[in-house]
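Reading the structure
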Amino acid sequence: MQGREQWATRLGFILAAVGSAVGLGNIWRFSYVLGEGGGFAFLLAYIICIFLIGLPVLLAEITVGRKGQSDAVGSFNKLAPGKWWKLGGILGVLSGTLILSFYGVIAGWVMYYVYSYLTGSAGSVAEGEYGAYFEGFVGSPIAPVFWQVLFMAIVIGVVYFGIKKGIELANRTFMPLLALLVIVLAIYGLTMEGAGEALNFMFAPDFAQLGNMEVWGMAIGQAFFTLSLGMGAMITYASYLPKETKLPSAAGTIVTLDTLFAIFAGLMIFPIVFTFGLDPGDGPGLIFITLPEAFGQWGTGGTIFGLFFFLLVAVAALSSAISLLEVGVSWAMRRFEWSRKKATLTAGIIITAFGVPSALSQGGPLSQEIFGLPFLDLIDTVTDQYTLALGGMITALFVGWGWNKIEVLRETGLQDTTVGALWIWFLRIVAPIGILYIVANNFYNMFL
Ligand code: PHE
Ligand code: NA
């Protein structure tokens, strides 16, 4: 076997990791959970979860990957041969694969909107008709599958070319574009009439909702999802890092940029929602129905904004999907000793095929509910609320308890520091208890 690939530069890794983190989660998911969670209260709970649980677990994943120099399962295997810790990696590969199956579907919807704003068809829907427009599209037996497959083909194409020439290059191109788009659109949002109300909604202190466990459940789910935790993505990306890279500052940069991006996304979306008197609590349809409705009422300016908005979302989704596919590809390359090309095509095709039932479950021919949920929502719920959190918890427990503390701290360069000592205790106690509590709560809300 030839040597494993590596990132060309540390910046390349950071951009790729930020590319993985910044995705549908920051725009589509963040905005609707923020809306449903009542704005400020959710934002506060979310930021607390990000710093108490997300950041420590992210650093743990990066440390496991860099030290292990292998895929999500292989890294655990190398650090703790023959132990059951590798279950964390197995859960990761499983979750990454499941998530990509439906992530590709939603990203396909986004690509369809880019196309429709480009051709003008999305801009000319009658007022009040965007709900029907969206449902007509996702309910059709062919269109959602077509766009899903097209999106996945691009993802497969990038991963096919490997770490430096595929993933790193793509992220170097996309990340500056994303930053530019979100900043310009957020500044524009802040000039709109509803900006004051939006700022109020996001930042005016309101602590009443903080007692609401559901808000916390949403916040921690969002923290995991948005930082790409619990599914081996960060372990896998970090495994292509050379030994010298400083890890804590990389983790800090990733968390900061991901959080800033989500806040900017809020600043671009909510002013529009309030300017046009729409409901921020509209749920998953927020960016596909509510926003287009606003763009429509706004006229030509709205069509242009809509085009750039969906382009931004599509690029963000692409860089995240790339990292999800790489989890399975990296695993298959080691496990079956396949070439990158063979692993990419095989994993890509299987995941795309598995996504088809999700694509057809939103009003299309496969809309029967399973356990009370359409197929896409079922996979989303199972991964978001359970497997991600459990995978992340195993990593936290492994780094906190299972792995030699001195070695862990040496690997991160945090030996003999207060930060290092704190970090270990967060991994040992705070993160696992927080995660368990929330998972139990999700379970209770769902079944009892
Ligand atoms: N973090 C991504 C987002 O916010 C989603 C994602 C999860 C990407 C897991 C890769 C791995 O959209
Ligand atoms: Na994110």
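Please refer to the structure higher up on the page.
Below, the structure is looked at part by part.

Conventions adopted
Residues numbered from 1 in each chain as written. Chains lettered and ligands numbered in written order. Predicted model: local features only at pLDDT ≥ 70, side-chain atom pairs only at ≥ 80, totals over all residues. Heavy atoms only, no water. Helix = DSSP H or I, 4+ residues; strand = E, 2+ residues; numbered from the N terminus. Rg over C-alpha atoms; globule rule 2.2 N^0.38 Å. Contact = heavy atoms within 4.5 Å. Areas by Shrake-Rupley, 256 points an atom, 1.4 Å probe, with all protein chains shown as cover. Lys, Arg positive; Asp, Glu negative; His and termini not counted. Charge placed at Lys NZ, Arg CZ, Asp CG, Glu CD. Near = heavy atom within 4 Å. Polar contact = N/O pair within 3.5 Å; in protein donor to acceptor, adjacent residues only side chain to side chain. 1 Å grid on protein atoms, 1.4 Å probe; cavity = no way out; pocket = protein on both sides within 12 Å on 5 of 7 lines; lining within 4 Å. Sits in = over half its atoms within 2 Å of the grid points. Points joined across faces, edges and corners; volume = space filled by probe spheres on them. Nonpolar A, V, L, I, M, F, W, Y, C, P; charged D, E, K, R; others polar. Buried < 20%, exposed > 50% of the residue type's maximum accessible area, 1.4 Å probe, protein only. Arc of directions from axis to C-beta. Axes fitted to C-alpha atoms, helices over the stretch in contact; angles between N-to-C directions. Core = buried A, V, L, I, M, F, W, Y, C linked by side-chain atoms within 4.5 Å. Phe/Tyr/Trp six-rings, centres within 6.5 Å; stacked < 30°, edge-to-face > 60°. Lys NZ or Arg CZ within 6 Å of the ring centre and 35° of its normal. Salt bridge = Lys/Arg side-chain N within 4 Å of Asp/Glu carboxyl O.

1. Side note on the overall build of the protein
Secondary structure assignment for the protein yields 18 helices and 0 strands. Taking 22 Å as the expected radius of gyration for a compact globule of 448 residues, we find that the protein reaches 21 Å, a close match to that expectation. Taking all contacts inside the protein whose residues are at least 6 apart in sequence as the whole, residues at least 24 apart take part in 81%. Entry remark: accessible area of the protein is about 16,900 Å², with carbon and sulfur atoms responsible for 68%. If the 21 positive side-chain charges of the protein are averaged to one point and the 26 negative ones to another, these points end up 23 Å apart.

2. Considering the site of ligand 1
Around ligand 1 lies a shell of 14 residues, among which Ala21, Gly25, Tyr103, Phe225 and Met231 are the nearest. Here an oxygen atom of ligand 1 and a backbone polar atom of Gly25 are 2.6 Å apart. In this structure, a nitrogen atom belonging to ligand 1 sits 2.8 Å away from a main-chain N or O atom of Phe225. Across the complex, the protein chains shield 100% of the 320 Å² of accessible surface that ligand 1 would expose by itself. When each cavity is represented as a set of grid points, ligand 1 is found to reside in the largest cavity. Contributing elements (two or more residues each) for the shell around ligand 1: α1 (10-21), α2 (24-36), α10 (213-226) and α14 (300-335).

3. A short note on the layout of surface pockets
Quantified by volume, the largest pocket comes out at close to 840 Å³. Along the walls of the largest pocket sit 37 residues, with Arg29, Tyr32, Asp380, Thr381 and Gln385 positioned nearest its centre. Secondary-structure elements contributing two or more residues to the lining of the largest pocket are α2, α5 (87-119), α6 (130-138), α10, α13 (286-298), α16 (375-402) and α18 (418-447). The element best represented in the lining of the largest pocket is α10, accounting for 8 residues. Across the lining of the largest pocket, the residue classes tally to 20 nonpolar, 10 polar and 7 charged.

4. Topic: the environment of Phe146
Turning to its location among the elements, Phe146 is positioned in helix α7 (residues 143-160). When the C-alpha positions of Phe146 and Ser358 are compared, they lie 13 Å apart, and in sequence the two are 212 residues distant.

5. Some points on the environment of Gln297
Position of Gln297 among the secondary structure elements: in helix α13. The exposure class of Gln297 is partly exposed, given its relative accessible area of 34%.

6. Remarks on the side chain of Gln222
Its location among the elements puts Gln222 in helix α10. Residue Gln222 is classed as buried on the basis of its relative accessible area of 0%. Each residue touching Gln222, except ones within four places of it in the same chain, is listed here: Gly25, Arg29, Phe30, Val33, Phe42 and Tyr46.

7. Section: α6
Those residues of α6 lying buried are Tyr130, Gly131, Tyr133, Phe134, Phe137 and Val138. Along the axis of α6, the buried positions cluster into a sector of 165°, meaning they face one direction only.

8. Here's the deal with the packing of helix α15 (residues 340-359) against α16
Packing of α15 against α16 leaves a shortest axis separation of 7 Å and a crossing angle of 120°. Contacts from Phe354, Pro357 and Ser358 in α15 reach Phe375, Leu376 and Ile379 in α16. Considered class by class, the residues forming the contact of α15 with α16 number 5 nonpolar, 1 polar and no charged.

9. Points about the nonpolar core
Counting residues in hydrophobic clusters, the biggest one holds 166 residues, and the most contacted among them are Phe13, Ile27, Met268, Phe288, Phe309, Phe310 and Trp423. If you tally residues by element for this core, the top one is α14, at 18 residues.

10. Some details on empty space enclosed by the protein
In this approach the atoms are scanned with a rolling probe the size of a water molecule, which exposes any empty space left behind. Tallying each qualifying case throughout the model produces 1 cavity of 30 Å³ or more. In this structure, the largest cavity spans a volume of roughly 100 Å³. As for the largest cavity, its lining consists of 14 residues, and the residues nearest its centre are Ser20, Tyr103, Phe225, Ser228 and Ser320. Looking at the lining of the largest cavity, the elements that each hand over two or more residues are α1, α2, α5 and α14. The element that contributes the greatest number of residues to the lining of the largest cavity is α14, accounting for 3 residues. Among the residues forming the lining of the largest cavity, the class breakdown is 8 nonpolar, 6 polar and no charged.

11. Some words on the packing of aromatic side chains
Ring pairs (aromatic) are described by centroid distance and by the angle formed between their planes. Within the structure shown, the criterion is met by 46 aromatic pairs. For the pair Tyr188 and Trp298, a centre-to-centre distance of 5.6 Å together with 15° between the ring planes defines the contact as stacked. Note that Tyr188 is positioned in helix α8 (residues 162-190) and Trp298 in helix α13, a separation of 110 residues in sequence. Its guanidinium or amino end placed over the ring of Trp401, Arg428 lies 4.6 Å from that ring's centre, counting from NZ or CZ. We note Arg428 situated over the ring of Trp425; from NZ or CZ to the ring centre the distance is 4.8 Å.

12. Quick notes on the pattern of salt bridges
Across all of its chains, the model carries 8 salt bridges by this definition. The shortest N-O distance in the salt bridge between Arg29 and Asp384 comes to 2.3 Å. Note that Arg29 is positioned in helix α2 and Asp384 in helix α16, a separation of 355 residues in sequence. Of the two residues, Arg29 and Asp384, both sit in the buried class.

Purely geometric numbers; function is a separate question.
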